[in-house]
Amino acid sequence: MAMVLSKQTKQAVIGRRQKLTPYLLVLPAFLVVIGLIVYPVLTAVNLSLHSGSATRLTGANYRYFLTDPVQLKNIGYTLFVAVMMVVLALLIGLLLALYIRFNQNRLSRLVMALTILPQFIPGLVAVYSMMLVVRNGGTLSRLAQAAGHTFNPNLMYSAKA
């Protein structure tokens, strides 16, 4: 005995499937984000609210972090570096934009072409490449050594960088 569905019932089923399809297509990516980003962040926050083997919530870790002189110095250094990087990036970006806008020479066209480069190179690859160039014993140091000079810029892990 075959079940006969009316035309309206078939359209309702098709309509429901069409509404669910985008959500089902996004579900795997959503689960990956939950598993690789949201869960670890929530776990880290939970662990930070417990001190040692304590089972109750405590703010002892945050109290220590915000009152210890070494930690306060680290926070200050981090904020200093972050603010300086933002200011330098804005200043360099503004100067380059003005140069590109008001000059129509070969160098300005080259700079304009180089501004597109970060879209094609992932950030981590660029950072690692720069680390290879500026670290002690990196490309700059080796080139200087080949020319008979000593060059250790100490640009890694310092405010001077």
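Residues numbered from 1 in each chain as written. Predicted model: local features only at pLDDT ≥ 70, side-chain atom pairs only at ≥ 80, totals over all residues. Heavy atoms only, no water.

(A) Local environment of the side chain of S108. In this fold, S108 is placed in helix 4 (residues 106–116). Taking relative accessible area as the criterion, S108 reaches 2% and is therefore assigned buried. Here N103 takes part through its backbone oxygen, which lies 2.9 Å from a polar atom of the side chain of S108. The residues contacting S108, other than those within four sequence positions of it, are Y99, I100 and N103. (Helix = DSSP H or I, 4+ residues; strand = E, 2+ residues; numbered from the N terminus. Buried < 20%, exposed > 50% of the residue type's maximum accessible area, 1.4 Å probe, protein only. Polar contact = N/O pair within 3.5 Å; in protein donor to acceptor, adjacent residues only side chain to side chain. Contact = heavy atoms within 4.5 Å.)

(B) Molecular detail of the confidence of the model for the chain. For the chain, per-residue confidence averages 85 on the pLDDT scale, and residues scoring 70 or more make up 92% of the total. Ranking the helices and strands of the chain by mean pLDDT puts helix 3 (residues 69–102) first, with 93, and helix 5 (residues 123–134) last, with 82. (pLDDT = per-residue confidence, 0-100.)

(C) A look at the side chain of T58. Here T58 is to be found in the loop between helix 1 (7–48) and helix 2 (60–67). Separated by 3.3 Å, the side chain of T58 and the backbone nitrogen of A60 make a polar contact. Here T58 is in contact with S48, L49, H50, S51 and R63, once residues within four sequence places are set aside.

(D) Summary view of the environment of S141. Take S141: it is sitting in helix 6 (residues 139–146). In this structure, the C-alpha to C-alpha distance between S141 and G93, residues 48 residues apart in sequence, is 28 Å. S141 has contacts with R135, N136, F151, N152 and P153, leaving out every residue within four places of it along the chain.

(E) How the structure looks around the packing of helix 3 against helix 4. Interhelical geometry of helix 3 versus helix 4 gives an angle of 130° and a closest axis separation of 9 Å. Classed by the angle they form, the pair helix 3 and helix 4 counts as oblique. Handedness of the crossing formed by helix 3 with helix 4: left-handed. Residues L96, Y99 and I100 of helix 3 form the contact with helix 4, whose own contacting residues are L107, S108, V111, M112 and T115. Of the residues that constitute the contact of helix 3 with helix 4, the class distribution is six nonpolar, two polar and no charged. (Axes fitted to C-alpha atoms, helices over the stretch in contact; angles between N-to-C directions. Parallel < 35°, antiparallel > 145°, perpendicular 65-115°, else oblique. Left-handed = near helix turned anticlockwise from the far one by under 90°. Nonpolar A, V, L, I, M, F, W, Y, C, P; charged D, E, K, R; others polar.)

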